[in-house]
Amino acid sequence: MKFITLKSRGGDYLLVAENVAWLRDYENGQTQVGMVGGAPLLVAGKIDDIAASILAQANAAE
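Reference entry: report on the structure contained in this document. This one's a predicted model, so the numbers in the text were calculated from it and none came from an experiment.

## Points about the overall build of the chain
Counting secondary structure elements, the chain contains one helix and five strands. Ordered by position from N to C terminus, the α and β elements of the chain give β-β-β-β-β-α. In terms of overall dimensions, the chain is globule-like: its C-alpha atoms have a radius of gyration of 11 Å, near the 11 Å expected for 62 residues. In terms of principal-axis extent, the alpha carbons of the chain reach across some 35 × 25 × 20 Å. Here the chain holds 62 residues, and the buried ones make up 29% of them. Within the chain, residue pairs in contact and separated by at least 24 positions form 30% of the contacts whose partners lie at least 6 positions apart. Total accessible area computed for the chain in this model is approximately 4,000 Å², and 52% of it derives from carbon and sulfur atoms.

## Some points on the pairing of strand β1 (residues 3–8)
Covered by surrounding structure in β1 are I4, L6 and S8 only, the residues F3, T5 and K7 on the alternate face being uncovered. For β1 and strand β2 (residues 11–16), the ladder comprises six bridges, and the chain directions are antiparallel. Looking at β2, one finds that L6 is bridged to Y13. The hairpin turn running from β1 into β2, its antiparallel successor, is two residues long.

About the cut-offs
- Residues numbered from 1 in each chain as written.
- Predicted model: local features only at pLDDT ≥ 70, side-chain atom pairs only at ≥ 80, totals over all residues.
- Heavy atoms only, no water.
- Helix = DSSP H or I, 4+ residues; strand = E, 2+ residues; numbered from the N terminus.
- Rg over C-alpha atoms; globule rule 2.2 N^0.38 Å.
- Buried < 20%, exposed > 50% of the residue type's maximum accessible area, 1.4 Å probe, protein only.
- Contact = heavy atoms within 4.5 Å.
- Areas by Shrake-Rupley, 256 points an atom, 1.4 Å probe, with all protein chains shown as cover.
- Pairing = 2+ DSSP bridges.

This is a description of form; function is not addressed.
Here it is as structure tokens:
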């Protein structure tokens, strides 16, 4: 299980990378992150930046 960190305007999220189901562009420079079996999270950053961050953290050497 690989944990990744995503920043939001209200605080940071620590989540399991494999549970990310989808990304959706949102207003005010934010992105919704869809979670398997849960409600979407609202994180700070554009969709391309969030996708790159998720991939980089998930593929980082252990």
